[in-house]
Amino acid sequence: MSVRPDDPAKSPSHRLRFGAGLLLGTLLVAGVGHRLLTDSLAGTARFGEDRRAIVALRALTDLVARAGSGDAVRTVVAEFGKAYPAVVSTRAVLFDGLSLEASTDPADSGENAAPRRLKREEKDLYDRGQRLRAAVETNRQEGGARKDEVERERRPDGSLSLAAPVEKDGEVVGLVEVRRLPPPEAPRPALVTTLSYVVAPVVLFALLALVIGEKKVPLGIVAALLLAGTAWGYGAQSWAKLARARTTLESDVATAVKDGGEKAHSLLGTVGLPVEPALAPASWDSDSFRRPLGLSDGAGNVDAGKVGVELASARASLRRAFLLLGALALGLLAFVGLGGAAALARTLRTHRVAYAYVLPAMVGMLVLVFFPFLYGIVISFTDSTIYNTNAPLSEIFVGVKNYVAILSDFKIAQHAADGGLVFNYQNFYWTLWITVIWTITNVTFGVTVGLILALILNTKGLALKPAYRVLLILPWAMPNYITALIWRGMFHQQFGVVNQVIQMFGGAPVSWFETPFTSFLTALATNGWLSFPFMMVISLGALQSIPADLYEAARVDGASRWQQFASITLPSLKPALVPAIILSVVWTFNMFNIVYLVTAGEPAGSTEILVTQAYKFAFEKYRYGYAAAYSTVIFGILLVYGTFQNRMTKATEGV
Amino acid sequence: MGLLTNRSRAGADEPPHFPMHVLLVVATLFSIYPILWVFTIAFSGKQSLAIADVPPDPTFWDRLRAVLPWPAEVSFSNFTSVLTDQPFARWVLNSAIVSIATTVVGVFLACTAAYAFSRFRFPGRQAGMMSFLVSQMFPGTLMLIPLYIILVKWLNLGSTHLGLVLVYSTISIPFCVWMLKGYFDTIPRELEEAALIDGASPAVIFFRIVLPLAKPAVAVTALFAFMTGWNEFILAATLMDKETMYTAPLGLRFFVGGFSQQWGFFAAGAIIVSIPVVALFLFLQKYLVSGLTAGSVKG
Amino acid sequence: MKISRLALPLALAALAAPATSLLAQKEVVVWHAYRAEEKAALEKIATAYNAANAAKGVKVTTLAVPYDAFADKITAAVPRGKGPDIFIYAQDRLGGWIEAGSTVEPIDFFLDKATTDRYIPTTMEAMTYRGTVYGLPLNYKVITLIYNKKLVPTPPKTSKELVAMAKKLTDAKSGRFGLAYSYSDYYYHAALQNAFGGRAFDPGPKPVLNAPENIKALSLLMRWFTVDGILPAEPSTALITSLFNGGKAAMVFSGPWFLGEIAQGVDYGLALLPTIDEAGGKPMRPWMTVEGVYVAAPSKNKDAAYDFAKYLTDTPQAKIMAVEGRQTPANKSVYSDPAVGSDAILSAFRKQVEVAVPMPNLPEMTMVWSPATTAMNTIVKKSAPPKAAMDQAQKSVERDVAALRKK
């Protein structure tokens, strides 16, 4: 929209623009790429550190479990500390009697020496143990891997504190906690190399530009090629570094597993613990659920096949990242190079008064509405649930899976045993259908009643107008929490007034909440009652904008009242009424309270609307990602409606 | 001023009033019937929702009696309890402060934006209008926590009326913008153009010429913005950490939470809370009366 | 000019913020959802505690939050470190908060045997999630038999007596019922279900809504409703209150909250829920909800907070809660106090809680309510037989639980 063709009067320098675009593009690629590479290298280093640490810790817990309690545990812990120089301190806790069974922490010497009862300040240690116990039990009961059985905590100095459960006869009886030295700094990519990925293409472009001259198309092609080359080049060199780091890591870990096995075995001898059954070092190299990774055999040999698979997937994700980055940079280049940026700046300058008028309202919207909204959309692409609220988004990213699950379920109805159709009320399309009917009926009712009343109340000289007006807006004024429940009560089978009135005239009482149709009617009656005053007030306001002399002229021309209404009143109401209708469609579509309070979805969830379903997914089923996707779908439907309606009525166009 | 003159001028051309009254009476009965039940519960002195209570083998008249809302005995005890058990008056005052501030901020910001949308042609105008509409489309169910993070953690506006005012204003702005923009569109531009030639600044034109003409629309949006703040419950409950900062709808909810449902107190409170709204409407309705503004100015 | 309008309030807010944080020296903030006399009792206890602990520089302040907003407020505020030090809430949300993390502090470490022993054991069970204790039980709520003394001189002890008595008092046409309770609400129905040994979850936690015992309980309920005809249709809680206040329901199964809704002049009594002859004479075992005192995980004054939690649930304070707050404390020794022991209402609930079952505190429980309610409504509307409806509910809950636990 805002990009306009260049002003021919001022001839811009294509060389300058493409040069600037290329500079920004390469800066973006190199900057983000540098960050990506740094993080990946650090991540790889951390991964290795964690695995070596877990291997050592698992070895220790196996030994402590064999030692049981008392001096044997203390000897194991002490000897372990000697065998692993990277370990700063080790503490072993047994739940029975809240006992600190062994500790190599310098603070735990003298009168604080183990064994002793845990102190008040050590509550966190005990809680950690209980957490591990609960995790082991939970995973076992559910037959899954949901909660960490090895806890890792990285301290601010980069050092790692790990804890793992100690098991006896399948029951967690304690924990071992190990604190390690801060690991060596991870290798960082050289900034100079990165900068060269900016300087080289830009200089090259400058030289080529001198040759090419002020020709838009060749310049653009050259700049784009240079940028694409930069992205490819940076990606390739990143991968080379990463792959090297990962391969080294695997052989390091395999060695660590082998060493660990040997150390543990010799420790068994030193302390005098049973050697059988044999320790299984290969299983120590595990994830945080204590599931073996199986990347090495325990004798120092790396499983090249499995590592290859891991490498391939790492490579694929890196490639995706650089493709995306390259595309973004090319977009930036096109925007700057083709003059979009300049046009944008010009536009902002020209219309600064208008923007200043709109800005304050817009800022509020951006911060308090669109930001939370964006958050919702991001969540919708994840598998976020109550169980993983603290997991980083990248870990629970599931792509469009939630959307597919919602939209691809077409089992709206099935044949029952007796041949009749049974609707599946939980199905998205059923709920959508109900929501659409709900919206159309409500808005139609609200607008028709509101408009008719407003027209009557606008009649000149009608007596008692102020009294009618006030009485008619009361449904809007009263908190709807209570009036909705009164409406629900009015539809009670035996004690509701609606059925009493039906019986007054000889009818049979209706069980309103038994069938979807009657149940729907109760909610419709309630919401219609709640919403017509609003429409009436809007219409009253809008009617004031119609100049009286228009009617005068029409009367002189002999127009009938209906003609006056159709040719003067309705068109004049349009500017104010159309927005109100569009907005009330949106509001009614998302009208949570009334359905929730009046029908509560009865019977069997058949009168739920989309937004009450979304609520249930979030707050009853704790599936935040799925609920967010549901909300986003609602949003999408309304967006399509809004765009369509806007085009039809030209509501944004105005005079 | 228009009432009598118009009548005498139009005379026989006016439609007959009697059917209108019939319609209005029917509509009014429909609108106040549930409200009368609220009154019945409030004045019953009891806590139960009313039920239609009929003797065995009821006659027509028994049933009629049952569907007429009227308490068996009238008692003010629910009202006195609501007003004395808790600092309810203080909460109503808080609500008033918040809602009035919301109205002022919301309507003002909406006016400037709507004026720009109506009178200026600028790139992004349509997108801007659409974005206000779009903001109403995302269901609010999942927004509470991100909103909490922004307001309390980042802006540090927890337990302040300002925080509530900001949220309520932004909630009410989209409707206000659209409503006002539609109305501004109907105001003829000739007046502004004349003023512009006389050398008036855009601000002067806006405040002196456009705003007075748009009074009916401003009245409607003001009522809407006020209601946004006046009845909101969950955000107020989440953001306010001091009882002295609570608002009236928040106080009302104490009566019906969880298992315990003291509808008598709630009904009495609901009536008290509705009074300011009705008063505001009474005040604003003079702007919704026929024969004002745009038409008369043009002539 | 436009920008300054927005910037000014922001600047003001920034100024206001540090001022409040300076005031907090060692303040223990308690959030609760109490109202009226129960709130007054809690505040009285807090005041007494403050007077006794002024020297330590500890000050307890309380904030009442409406129940309907309470859980959301906790979920929003506590994990962000902006919440209270203590909050009081029923155990039904406990599992969810623990799973979400950074909300409830485990208190096993603080607990000693003397403290654990002072509560009714089942209330302590309600505070325990996956083997770890997370709160001290303050009050419990349990449904019991509430009857209109004018209509029911002696309350029934067995289900046969109940049905016989209720039949006599029922005249459905004129809207009179011998028995009224929200039987289609799964929470209320659970009392009957538990009498048969039914349950919502097997250990695991594995949903078993369609357990054979559950079906038996539903069949009995349907007999009461259709064959014996002693129950009203569409039994919302509001309707039950209205019927009882109007003298149109002789007996009601409901909890302590109901007492506050009973109109003046209705002479009522409380009695144990009857035993169920159809279940081999086993008692009806209602679900109990226990209001626990939880220490917030991000609290900076956990020691002080726990100290107050312990104080609040101790016997003298439980007496204030019981006598002045009209609550039923989880502290068991308070019932040997004459002021509490002689109170007909409190001792009736105390007797009832002996056979009560703690309502599950699993997060999966929230997934049960909606399908179970749907099933209950389907059954009482006779749209489906109990077994089919409960199978349907079971399938739905299983699916939801599986969706949550995948991996």
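Residues numbered from 1 in each chain as written. Chains lettered and ligands numbered in written order. Predicted model: local features only at pLDDT ≥ 70, side-chain atom pairs only at ≥ 80, totals over all residues. Heavy atoms only, no water.

### Some points on the overall build of chain A
Point 1. Tallying secondary structure elements over chain A gives 20 helices and 8 strands in all.
Point 2. In terms of principal-axis extent, the alpha carbons of chain A reach across some 115 × 85 × 55 Å.
Point 3. When the 655 residues of chain A are sorted by exposure, 51% land in the buried category.
Point 4. Relative to all contacts within chain A whose residues are 6 or more apart in sequence, the contacts with residues 24 or more apart total 65%.
Point 5. If you sum the accessible surface of chain A, you get close to 28900 Å²; carbon and sulfur atoms cover 65% of it. (Helix = DSSP H or I, 4+ residues; strand = E, 2+ residues; numbered from the N terminus. Buried < 20%, exposed > 50% of the residue type's maximum accessible area, 1.4 Å probe, protein only. Contact = heavy atoms within 4.5 Å. Areas by Shrake-Rupley, 256 points an atom, 1.4 Å probe, with all protein chains shown as cover.)

### Brief notes about a nonpolar patch on the surface
Residue and element names in this part refer to chain A.
Point 1. A contiguous nonpolar patch, built from L191, L195, V199, V203, L204, L207, L208, L210 and V211 and spanning about 860 Å² of accessible area, is present on the exposed surface.
Point 2. Position of L208 relative to the elements: it lies in helix α4 (residues 191-212).
Point 3. Exposure remark for L208: the relative accessible area of 33% places this residue in the partly exposed category. (Patch = residues over 30% accessible without salt bridge, like charges linked within 9 Å, V, L, I, M, F, W, Y side chains within 5 Å. Salt bridge = Lys/Arg side-chain N within 4 Å of Asp/Glu carboxyl O.)

### Considerations on the interface of chain B and chain A
Point 1. Taken together, the contacts link 111 residues of chain B with 109 residues of chain A.
Point 2. Together chain B and chain A conceal approximately 10100 Å² of surface at their shared face, both sides included; 76% is due to carbon and sulfur atoms.
Point 3. It is P123, M137 and F138 of chain B in chain B that bury the most area against chain A; as a group they hold 7% of the surface buried on that side.
Point 4. On inspection of chain B and its partner chain A, the count reaches 0 salt bridges.
Point 5. Scanning the region where chain B abuts chain A turns up 12 residue pairs in polar contact (both at pLDDT 80 or more).
Point 6. The element best represented in the side of chain B that touches chain A is helix α2 (residues 18-44) of chain B, accounting for 17 residues.
Point 7. Partitioning the side of chain B that touches chain A into residue classes produces 79 nonpolar, 22 polar and 10 charged. (Buried area = accessible area lost by both parts, 1.4 Å probe. Polar contact = N/O pair within 3.5 Å; in protein donor to acceptor, adjacent residues only side chain to side chain. Nonpolar A, V, L, I, M, F, W, Y, C, P; charged D, E, K, R; others polar.)

### Overview of the domain arrangement of chain C
Put simply, an interface is often sized by how much accessible area is lost when its parts join up.
Residues and elements named next belong to chain C.
Point 1. One can read the domain layout of chain C as domain 1 (25-141 + 289-358) and domain 2 (144-285 + 364-405).
Point 2. Put simply, the middle of domain 1 and the middle of domain 2, counted by C-alpha atoms, are 29 Å apart.
Point 3. Every contact between the two is made by 11 residues of domain 1 and, on the other side, 16 residues of domain 2.
Point 4. Both sides together, the interface formed by domain 1 and domain 2 hides about 1200 Å², and carbon and sulfur atoms give 70% of it. (Domains from an automatic or database assignment.)

### Examining the side chain of R146 of chain A
Point 1. Positionally, R146 of chain A belongs in the loop between α3 (123-142) and β4 (151-154).
Point 2. Taking the relative accessible area as the measure of exposure, R146 of chain A reaches 14% and is therefore buried.
Point 3. Within the local environment of R146 of chain A, its side chain forms a polar contact with the side chain of E99 of chain C, the two groups lying 3.1 Å apart.
Point 4. Once residues within four sequence positions are removed from consideration, R146 of chain A is found in contact with T138, N139, F289 and Y387 of chain A together with E99, R130 and R405 of chain C.

### Side note on the interface of chain C and chain B
Point 1. In this complex, chain C contributes 41 residues to the contact, which on the side of chain B involves 46 residues.
Point 2. For the pairing of chain C and chain B, the buried interface totals around 3700 Å² over both sides, and the portion due to carbon and sulfur atoms is 66%.
Point 3. Among the residues chain C hides against chain B, the three largest losses belong to R35, P66 and R80 of chain C. Together they make up 18% of the total.
Point 4. Counting across the interface, chain C meets chain B through 3 salt bridges.
Point 5. Two residues, R253 of chain B and D68 of chain C, come together in a salt bridge whose shortest N-O distance is 3.2 Å.
Point 6. Mapped onto the side of chain C that touches chain B, the elements with two or more residues apiece are α1 (2-23), β2 (59-64), α3 (67-77) and α10 (237-245) of chain C.
Point 7. Among the residues forming the side of chain C that touches chain B, the class breakdown is 20 nonpolar, 9 polar and 12 charged.

### So, helix α17 (residues 561-589) of chain A
Point 1. Spanning 29 residues, α17 of chain A covers only 35 Å between terminal C-alpha atoms, well under the ideal 42 Å at 1.5 Å per step.
Point 2. Maximal helix bending in α17 of chain A amounts to about 60°, located at K574 of chain A; proline P575 of chain A follows within four positions. (Expected span 1.5 Å × (residues − 1). Bend = angle between axes of the 7 residues up to and from the residue.)

### A few points about the environment of L453 of chain A
Point 1. Of note, L453 of chain A is situated in helix α11 (residues 428-457).
Point 2. Through-space distance from the C-alpha of L453 of chain A to that of F371 of chain A is 40 Å; in sequence the pair is 82 residues apart.
Point 3. The contacts of L453 of chain A, once residues within four sequence positions are left out, are L472, F532 and M536 of chain A together with L24 and A27 of chain B.

### Here we look at unusual backbone geometry
Point 1. Going from E276 of chain A to P277 of chain A, the amide bond is cis rather than trans, its omega being -10°.
Point 2. The omega torsion of the bond from E602 of chain A to P603 of chain A falls at -15°, within 30 degrees of zero and hence cis.
Point 3. The residue P603 of chain A is located in the loop between α18 (592-598) and α19 (610-619) in this model.
Point 4. One non-glycine residue, S102 of chain C, lies in positive phi territory at about 50°.
Point 5. Its place among the elements puts S102 of chain C in the loop between α4 (94-100) and α5 (113-117).

### Remarks on the packing of aromatic side chains
Each aromatic ring pair is specified by the distance between its two centres and by the angle formed by the two planes.
Point 1. If you walk through the whole model with that rule in mind, you get 79 aromatic pairs over all chains.
Point 2. Between W587 of chain A and F175 of chain B, the aromatic rings sit 5.7 Å apart at their centres with planes inclined by 45°, giving tilted as the arrangement. Taken together, the positions of W587 of chain A in helix α17 and F175 of chain B in helix α8 (residues 161-186) put the pair across two chains.
Point 3. The class of W587 of chain A is partly exposed, set by a relative accessible area of 21%.
Point 4. Among the residues examined, F175 of chain B registers a relative accessible area of 1% and is labelled buried. (Phe/Tyr/Trp six-rings, centres within 6.5 Å; stacked < 30°, edge-to-face > 60°.)

### Brief notes about the sheet that holds β4 of chain A
Paired through backbone hydrogen bonds, the strands of a sheet run either parallel or antiparallel to each other.
Residue and element names in this part refer to chain A.
Point 1. With antiparallel pairing, the 6 strands of this open sheet are ordered in space as β3-β2-β1-β6-β5-β4. The two strands at the open ends of the sheet, each matched to only one other strand, are β3 (116-117) and β4.
Point 2. The sheet strands contacting α3 are β1 (87-94), β2 (99-103), β4, β5 (160-168) and β6 (171-180), and the helix crosses β5 at an angle near 60°. (Pairing = 2+ DSSP bridges. Axes fitted to C-alpha atoms, helices over the stretch in contact; angles between N-to-C directions.)

### Considering the nonpolar core
Point 1. Counting 352 residues, the largest nonpolar core has V177 of chain B together with F87, Y181, L192 and W224 of chain C as the members making the most contacts within it.
Point 2. Here F87 of chain C is in contact with W31, F70, I74, V78, W97, T103, V104, G292, V293, Y294 and A296 of chain C, once residues within four sequence places are set aside.
Point 3. Counting 35 residues, the second largest nonpolar core, distinct from the first, contains A56, A92, L249 and L273 of chain A. (Core = buried A, V, L, I, M, F, W, Y, C linked by side-chain atoms within 4.5 Å.)

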